[in-house]
Structure formats: structure tokens, C-alpha cells
Amino acid sequence: MRKIHPRMVSHSELRKLFSSADAVCFDVDSTVIREEGIDELAKICGVEDKVSEMTRRAMGGAVPFKDALTERLALIQPSREQVQRLIAEQPPHLTPGIRELVSRLQERNVQVFLISGGFRSIVEHVASKLNIPATNVFANRLKFYFNGEYAGFDETQPTAESGGKGKVIKLLKEEFHFKKIIMVGDGATDMEACPPADAFIGFGGNVIRQHVKDNAKWYITDFAELLGELEE
């Protein structure tokens, strides 16, 4: 059977792929949650404006991801206490419709993964709200000294690199032998994960990245559209 390159799939074929997928991977910042976690961390640490501009450039694909992450974290220098305070006092807000969509996918025995260039401590908190096991979370790990001060991040994580989300999907295919994996997200790093993902769905419900909107075969602004595909 002729294998079709994911970028050549038509919109109707994409819809069929989504409704028959055995795994769906979601980006987290500005997709599953309304905020960009790193910008919220910057707010607590008092460097919001500078970091927000860097995030915009990184998500547009203008800067290599690891460089952008290193640069922003060097500016923020978040302590363990500040990260914990963010989760306790200003927890991320789930995007409307995501809870229902994830629940419906799980009812259909579809594996749901969160793949994020954000931070594991924040993403695991989001995962718990959606009944997604921590083993299905792939994100960057912050490192701290014994006194709780910022000590860098784990650069060995695939999500710390440009193309890291694609590396995670490749690993998932090798480990679990998924036949059809869908990637859903708002940014350039999400779109780049297809291939190896079998399809990409662009999401603009929180922020619209023009490059993604212009190039995604299927672009949605409301998770209800995907939920509707599963109800038909």
C-alpha cells in the first residue's frame, strides 16, 4: 500500500485519520492551557515583558528552541519556591473544551500524551486535571541547587531541542507501535512534528500563529470541532 506523506493528506482524509487515531499528542502552552507557562513564570519573577517578546520569536520559529529556552531561563532564574508558588497561586487555566475532548478520546481507548517545551512540574499539574498519567507527559525539567535556587535545565530531554516533539513521537511509535499518531498544537514546533506524526491539526483558540494558520491543512479555533468528529 502506497504510504502518503502527512503533508499531502487532504482535509477529509485528515478528519478520518483523527477519528481513527490510536494516539493523540497535544502541545500544552496556548493549546491545552490558555497561557504560556514560561511567560507566567516570568511574571512572578518580574521580567514578563522581555520574556514575552522572546517567546513570540521562539514560537514563530525565528530562533533555535534550545537557544530561546536558555536565554529566557537565564533572564527569569526561577527558584523552586517561585515555581511552586505559580502552581499554587496562579494555576494554568484549561482551554475550554479540552477536558471533554480528552475524556472522549480516553473513552475510545485512544492514548493521550502531552508534549511540551514547557516545564514538567507545571505540565504534570495540567495532566492531573485531565486524568492523563504522568508517564504520558514529555516536558523539560528545571534543575535547582539544594537551597532551591535555579541551576539550569536538563538539556538531555528531547523537548529541549528544536525538533524535539518529533523525536518524542518517533520514540512513541517505536515503543508502543502506534499506527496513527496525531499532533495538535498552536506553534511552529508542533507543526514540525509531522512527520513523524501522521497528521497535524493547528489550534488557534488562544493565540493565532500566522505561519501555522497559513500552512496547516486543518486549522481549528475551538476543540468542539474535534469533539464533533468523535461524536459522528
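Residues numbered from 1 in each chain as written. Predicted model: local features only at pLDDT ≥ 70, side-chain atom pairs only at ≥ 80, totals over all residues. Heavy atoms only, no water.

Notes on the overall build of the chain
Consideration 1: Across its full length, the chain carries 11 helices and eight strands.
Consideration 2: When the 232 residues of the chain are sorted by exposure, 51% land in the buried category.
Consideration 3: Summarising the internal contacts of the chain: among those between residues at least 6 apart in sequence, 64% fall at separations of at least 24.
Consideration 4: On the chain, roughly 11100 Å² of surface is accessible, and the fraction owed to carbon and sulfur atoms is 50%. (Helix = DSSP H or I, 4+ residues; strand = E, 2+ residues; numbered from the N terminus. Buried < 20%, exposed > 50% of the residue type's maximum accessible area, 1.4 Å probe, protein only. Contact = heavy atoms within 4.5 Å. Areas by Shrake-Rupley, 256 points an atom, 1.4 Å probe, with all protein chains shown as cover.)

Section: the packing of helix 6 (residues 98–107) against helix 11 (residues 224–231)
Consideration 1: Running from N to C, helix 6 and helix 11 cross one another at 25 degrees; their axes reach a closest spacing of 9 Å. The angle between helix 6 and helix 11 places the two elements in the roughly parallel class. Handedness of the helix 6/helix 11 crossing: left-handed. Across the interface between the two elements, Glu100, Leu101, Arg104 and Leu105 from helix 6 touch Leu226, Leu227, Leu230 and Glu231 from helix 11.
Consideration 2: For the contact of helix 6 with helix 11, the residue count by class is five nonpolar, no polar and three charged. (Axes fitted to C-alpha atoms, helices over the stretch in contact; angles between N-to-C directions. Parallel < 35°, antiparallel > 145°, perpendicular 65-115°, else oblique. Left-handed = near helix turned anticlockwise from the far one by under 90°. Nonpolar A, V, L, I, M, F, W, Y, C, P; charged D, E, K, R; others polar.)

Details of the environment of Gln157
Consideration 1: Its place among the elements puts Gln157 in the loop between strand 5 (150–153) and helix 8 (164–176).
Consideration 2: Among residues more than four places away in sequence, those in contact with Gln157 are Ala139, Asn140 and Arg141.

Some remarks on the side chain of Asp186
Consideration 1: Position of Asp186 relative to the elements: it lies in the loop between strand 6 (181–185) and helix 9 (188–191).
Consideration 2: You can call Asp186 buried: its relative accessible area is 0%.
Consideration 3: A distance of 2.9 Å separates a polar atom in the side chain of Asp186 from a polar atom in the side chain of Thr31. (Polar contact = N/O pair within 3.5 Å; in protein donor to acceptor, adjacent residues only side chain to side chain.)

Some points on the UniProt feature "active site" (unreviewed entry) in the chain
Consideration 1: The UniProt record annotates "active site" (unreviewed entry) at Asp27 and Asp29. In the annotation above, Asp29 are the residues that line the second largest cavity.
Consideration 2: Looking at the element boundaries, Asp27 is found in the loop between strand 1 (23–26) and helix 2 (37–44).
Consideration 3: Here Asp27 falls in the buried class, since its relative accessible area comes to 3%. (UniProt positions renumbered as here; feature names shortened; annotations may be inferred. 1 Å grid on protein atoms, 1.4 Å probe; cavity = no way out; pocket = protein on both sides within 12 Å on 5 of 7 lines; lining within 4 Å.)

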